[in-house]
Amino acid sequence: MQEHNRLLSGDILIDLSYHQDDIVGVSGRIFIKAPPEKVWKALTDYDNLSNTLPKVVASRTIEKKNGAIILEQTGKTGILIFEKTVNFRLKIYEEYLHRVSFEQVSGDFHVYQGEWLLETHREYEGTILHYRAKIKPLFFAPPILVSFVQRQDLPGILSAHKKRAETNTFCH
């Protein structure tokens, strides 16, 4: 209950964990004052993510087949002079208004998989957007650095989805 109160008061909650083989787990949550349909639209507007999300340089849908979406993205990761451009393709599965799961099929990570979850409750008007992922880059980056970058970047990504869903700025 305390977590919900923190989210409702505007906090962005970030948790990090360390797994075998230097894999970093990251999760984040944010409350968005918008119905799940608007949050879903912000989250799944794949071809416009580079216009709305920080550090996403390019994002485009490559194909839609057998219930899966292949998304190609280029992004920036790292801090200060240690920033690096990363490229990857994700296979995405959608469960409308509930979950978007993703896993890298090619690119600059050993492991990059996770999900976005939309949670609604009758007690308040809005949606809690959850993000969970496991990450391990192909390039050398100690887990402590990966976790630091995630702790720095994820609030901005969650806030950008919140702003887009709440202000209804869609390119469609």
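Since we're looking at a predicted model, the values are computed, not measured.

### Let's talk about the overall build of the protein chain
- Looking only at helices and strands, one finds four helices and eight strands in the protein chain.
- Taken over the C-alpha trace, the protein chain has a radius of gyration of 16 Å; the compact-globule value for 172 residues is 16 Å, and the two agree within 12%.
- Looking at the 172 residues of the protein chain, the share that counts as buried comes to 44%.
- Considering only contacts within the protein chain whose residues lie at least 6 apart along the sequence, 49% involve residues at least 24 apart.
- In the form shown here, the protein chain has an accessible surface area of approximately 9,600 Å², with 50% of it arising from carbon and sulfur atoms.
- In the protein chain, the 22 positive side-chain charges and the 21 negative ones have mean positions that sit 3 Å from each other.

### Details of the packing of aromatic side chains
- Taken as a whole and assessed by the stated rule, the structure comprises eight aromatic pairs.
- Measuring from ring centre to ring centre gives 6.2 Å for phenylalanine 102 and tyrosine 131, while their planes differ by 15°; the resulting arrangement is stacked. One end of the pair, phenylalanine 102, is in strand β6 (residues 99-107); the other, tyrosine 131, is in strand β8 (residues 127-137), and 29 residues separate them in sequence. For the pair phenylalanine 102 and tyrosine 131, a shared accessibility class is recorded, and that class is buried.
- With centroids separated by 4.6 Å and ring planes inclined at 50°, the aromatic side chains of tryptophan 116 and tyrosine 131 adopt a geometry described as tilted. Here tyrosine 131 lies in strand β8 and tryptophan 116 lies in strand β7 (residues 109-119), a separation of 15 residues in the sequence.

### Some points on unusual backbone geometry
- In this structure, lysine 55 takes a positive phi of about 70° despite not being glycine.
- Phi angles above zero are rare outside glycine, and leucine 97 is one such case at about 65°.
- Among the structural elements, leucine 97 can be located in the loop between β5 (84-95) and β6.

### Let's talk about the pattern of salt bridges
- Within this structure, the stated rule accounts for twelve salt bridges.
- Between arginine 99 and glutamate 115 there is a salt bridge; the shortest N-O distance is 2.8 Å. Of this pair, arginine 99 sits in strand β6 while glutamate 115 sits in strand β7; the two residues are 16 residues apart in sequence, bridging distant segments of the chain.
- Looking at glutamate 115, the relative accessible area reads 16%, which means it is buried.
- Where salt bridges share partners, they join Glu95, Arg99, Glu115 and Arg132 into one cluster.

Rules behind the numbers
- Going along each chain's sequence as written, the residues are numbered from 1 onward.
- Residue-level local features of this predicted model are given only where pLDDT is at least 70; pairs of side-chain atoms are given and counted only at 80 or more, and the full residue set underlies all totals for whole chains, interfaces and linings.
- Neither water nor hydrogens contribute to the side-chain values; these are computed over all heavy atoms in the structure.
- Helix and strand definitions follow DSSP, with helices as H or I runs of at least four residues and strands as E runs of at least two, each counted in order from the N terminus.
- Throughout, the radius of gyration refers to the C-alpha atoms, and the reference size of a globule is 2.2 Å times the residue count to the power 0.38.
- Each residue's exposure class comes from its accessible area (1.4 Å probe, protein chains only) as a fraction of the maximum for that residue type: buried when under 20%, exposed when over 50%, partly exposed otherwise.
- Only heavy atoms matter for contacts: two residues are in contact if any of them lie within 4.5 Å across the pair.
- In this description, accessible areas are obtained by the Shrake-Rupley approach with a 1.4 Å probe, and a residue is regarded as covered only by the protein chains that are shown.
- Asp and Glu count as negative and Lys and Arg as positive, but His and the ends of the chain are not part of the count.
- Every charge is mapped to an atom, namely NZ of Lys, CZ of Arg, CG of Asp or CD of Glu.
- We call Phe, Tyr and Trp rings a pair once their centres come within 6.5 Å, taking the six-membered ring for Trp, and we label the pair stacked below 30 degrees between planes, edge-to-face above 60, and tilted otherwise.
- Salt bridges are defined by distance alone: a side-chain nitrogen of Lys or Arg within 4 Å of a carboxyl oxygen of Asp or Glu.

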